[in-house]
Amino acid sequence: MKGMMMHRPLNIADLITFAAENHPQGEIVSVRTEGDIHRTTYAQTAGRIAQLAHGLKHLGIARGDRIATLAWNGYRHFELYYAISGIGAVCHTINPRLSAEQMTYIFNHAKDRMLFVDTTFLPIVENLRDLLPTGLKVVVLTERAHMPDTTLEGVLCYEDVLDGEDTLFSWPEIAEDDAAGLCYTSGTTGNPKGTLYSHRSTVLHALYTCVSIPRPLKAGNRILPVVPLFHVNAWGLPYSAPLAGASLIFPGGGLDGKSLFDLMDSEKVYSAWGVPTVWHGLLNEIGRRGRLPDGLKDIVVGGSAATRSLIEDFETRGVNVCHAWGMTEMSPLGTQCNLPSALADIPVEERMQRKQSQGRRVFGVEMKIVDDAGRRLSHDGRTPGHLHVRGNTVTAGYYEDPEASAKVFDDDGWFCTGDIATIDSDGFLRITDRSKDLIKSGGEWISSLDLENIVMSHEGVANCAVIAVPDPKWEERPLLIVQPREDAQPQKEDLLSLLGSHVAKWQLPDDVVFVEELPMTATGKVSKLNLRKQFRENRG
Ligand code: ADP
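Rules used throughout
Within any chain, residue numbers begin from 1 and follow the written order of that chain's sequence. In keeping with the predicted nature of the model, local features appear solely for residues at pLDDT of at least 70, side-chain atom pairs appear and are counted solely at 80 or more, and the whole-chain, interface and lining totals rest on all residues. The side-chain numbers reported here are obtained from all heavy atoms of the structure, hydrogens and water having been left aside. In this text, helices come from DSSP runs of H or I with a minimum length of four residues, and strands from runs of E with a minimum of two, each type numbered from the N-terminal end. In this scheme, a residue with accessible area under 20% of its type's maximum is buried, one over 50% is exposed, and one in between is partly exposed, where area comes from a 1.4 Å probe on protein chains only. Accessible areas in this description were obtained via Shrake-Rupley with a 1.4 Å probe; residue shielding takes into account the shown protein chains only. DSSP calls a pair of strands paired once it identifies at least 2 bridges connecting them. In the sections that follow, a salt bridge refers to a side-chain nitrogen of Lys or Arg positioned within 4 Å of a carboxyl oxygen of Asp or Glu. For Phe, Tyr and Trp, rings pair up if their centres lie within 6.5 Å, where Trp contributes its six-membered ring, and each pair is then called stacked (planes under 30 degrees apart), edge-to-face (over 60) or tilted (otherwise). In this analysis the charged atom, NZ for Lys or CZ for Arg, is taken to sit over a ring once it is within 6 Å of the ring centre and within 35 degrees of the ring normal. Lines fitted to C-alpha atoms define the axes here, with helix axes fitted over just the stretch in contact, and angles between the N-to-C directions of these axes take values from 0 to 180 degrees. The labels follow the angle: roughly parallel below 35 degrees, roughly antiparallel above 145, roughly perpendicular from 65 to 115, and oblique for the rest. Helix crossings are classified by the rotation of the near helix relative to the far one: an anticlockwise turn of less than a right angle makes the crossing left-handed, while a clockwise turn makes it right-handed. Residue contacts follow a heavy-atom distance rule, with two residues in contact if any of their heavy atoms lie within 4.5 Å. Charged residues are taken to be Asp, Glu, Lys and Arg, nonpolar residues to be Ala, Val, Leu, Ile, Met, Phe, Trp, Tyr, Cys and Pro, and polar residues to be all remaining types, Gly included.

## Details of the overall build of the chain
1) Next: Of the regular secondary structure elements, the chain holds 17 helices and 25 strands.
2) Next: Overall, the chain is about 70 × 60 × 55 Å in size when its C-alpha atoms are taken along their principal axes.
3) Next: Split into buried and exposed, the 540 residues of the chain put 58% on the buried side.
4) Next: Accessible surface computed for the chain: about 22,900 Å², of which carbon and sulfur atoms make up 49%.

## Observations concerning the pairing of strand β9 (residues 193–198)
1) Next: Of all 6 residues that make up β9, 5 are buried, and the element is covered over most of its length.
2) Next: Pairing between strand β8 (residues 179–185) and β9: 6 bridges, direction antiparallel. Counted as the bridge partner of Leu-182 is Leu-196 from β9.

## A few points about the pattern of salt bridges
1) Next: Under the definition given, this model contains 40 salt bridges.
2) Next: Where Arg-48 meets Glu-159, a salt bridge forms, and the shortest distance between an N and an O atom there is 2.9 Å. With Arg-48 in helix α2 (residues 42–58) and Glu-159 in helix α6 (residues 158–162), the pair connects residues that are 111 residues apart, well separated along the chain.
3) Next: Owing to a relative accessible area of 17%, Glu-159 belongs among the buried residues under this scheme.
4) Next: Lys-268 serves as the salt-bridge partner of Asp-294, at 3.4 Å between the closest nitrogen and oxygen. Placement of the pair is Asp-294 in the loop between α11 (276–289) and β13 (298–301) and Lys-268 in the loop between α10 (257–267) and β12 (271–274), with a sequence separation of 26 residues.
5) Next: By relative accessible area, Asp-294 is classed as partly exposed at 38%.
6) Next: A relative accessible area of 44% means that Lys-268 is categorised as partly exposed.
7) Next: Beyond isolated ion pairs, a larger network of salt bridges with shared partners links Arg-32, Glu-34, Asp-36, Arg-48, Arg-76, Glu-79, Glu-143 and Glu-159.

## Section: the packing of aromatic side chains
When we look at a pair of aromatic rings, we describe it by the centre distance and by the angle of the planes.
1) Next: Scanning all chains against the criterion turns up 11 aromatic pairs.
2) Next: Ring plane angle 50° and centroid distance 4.8 Å describe the contact between Trp-72 and Phe-121, whose orientation is recorded as tilted. Remark: Phe-121 occurs in the loop between β5 (114–117) and α5 (122–128) and Trp-72 occurs in the loop between β3 (66–70) and α3 (75–86); sequence separation between them is 49 residues.
3) Next: Trp-72 gets classed as buried once you look at its relative accessible area, which sits at 17%.
4) Next: Among the aromatic residues, ring-to-ring pairing joins Tyr-42, Phe-78, Tyr-81, Tyr-82, Tyr-239 and Phe-250 into one connected group.
5) Next: Residue placement shows Arg-354 over the ring face of Phe-428; its charged tip is 4.5 Å from the ring centre.

## A few points about the packing of helix α1 (residues 12–22) against α2
1) Next: Where α1 contacts α2, the two axes come as close as 8 Å, and the packing angle between them is 140°. One way to sum up the angle between α1 and α2 is to call them oblique. For the element pair α1 and α2, the recorded crossing hand is left-handed. Residues Ile-16, Ala-19 and Ala-20 of α1 form the contact with α2, whose own contacting residues are Tyr-42, Ala-43, Ala-46 and Ile-49.
2) Next: Of the residues that constitute the contact of α1 with α2, the class distribution is 7 nonpolar, no polar and no charged.

Spelled out as structure tokens, the structure:
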């Protein structure tokens, strides 16, 4: 028997319409490329989104067209998210830190019709001019007075596109499974791969996030996404924050510890979201000033593993840390590690252990771990396996890439994340490695993340990575690469003895190498691919 309820399509435009009606005074504060701070509200923004939607229509944008953005976190980028998807086109965010080769591939693979670009990134586009899709229309995200000189032809000014347009727009009915957004993963092997989000997946993701990370996502709270709008929709915050009525504080290009501290302090940011690298920078600044930014109570950290020292540094200062795990292909949220109330009073040591895990699944995401043959492994917290997921916010295949798509689903249709993990009987997920980064020594897996976590607790270590190097006897052996803190000179013997007090002898790295700076990927993670290439011959 069928249920007898209405079926209304889930639609992204409804989120901003709702926010404008229910949280009209919710703020969007942005550090602009023009150099000043801009303030607006959800109510005013809804009007500008309508103007932009009219502007896009007048420029001939039709349903399904891909519209690229190359921009920092700011109100104009936010407006693009809603106006593009709202008229049924696809908002394609591009990571400006990608290589020219990757970016060229992405533009042409997506066949973008328009590009909205911050003044900061215009030189990138000028350099690629002959390699971009023909007819690509470029709009610079600024006002007339700040239009830069450019060698590109026919470039438009963003504020001109909105100027004089109606502040009301009658949003069209769009099928909920129509495409709304597109984001490519940088991919360490092969070409970048596109995840094509739908209206439905995006709205559900916003709802799931509000339910799963409720502490910051509340009306009146001020949230700062350091995580960029150009990568995985800033973890969905442009959708979940307005839905919850939380204000958004956009930092523009100022992502160093000092700039973030100042902005958080003056804007009384309650919660900030970003990758561990960013928090290390902020913690340095907090240490230097001997205080927290005013109002800071909550940090969400993900994208790569949060170390114990990072979690402890914040929590001992009274800031709650929510460690989250996810992927571009999952919209991205998969798990989050706010402790359930039953564990509120556990001893500090156990709390730290738990908080280092990636936490428990969010509603709507199912997880399993399997062995090499695809057989399910038990959730005993000890047995690592390949992590597979499924759910309404998980990709069903890469955009126009059947070859890549064919490799990432198991026989039952679950998405193979490429992560190696354990899950315990309480449902806590612990990522131990990426399958491509795995260290397999004498048939046994060694967790690079566990070793890195221990090394990061050494006060002389700014960052580190453990990688596999080929070994004639053991197949692979771990190598520890360390970036010391400024003015510190950690010793190899000390680091190995620190590790030795936590792990079995055979898991100890064969050697320790010190580098000035670890190579990073476009999304702010240590690039183990580069390290493996560089240190292939290092046998201790
Ligand atoms: P990219 O590598 O292009 O940035 P994603 O942002 O989608 O792509 O990266 C997803 C991967 O990042 C996950 O599969 C996992 O390996 C890693 N990751 C994300 N969050 C965490 C976390 N909290 N702990 C450990 N690894 C994480």
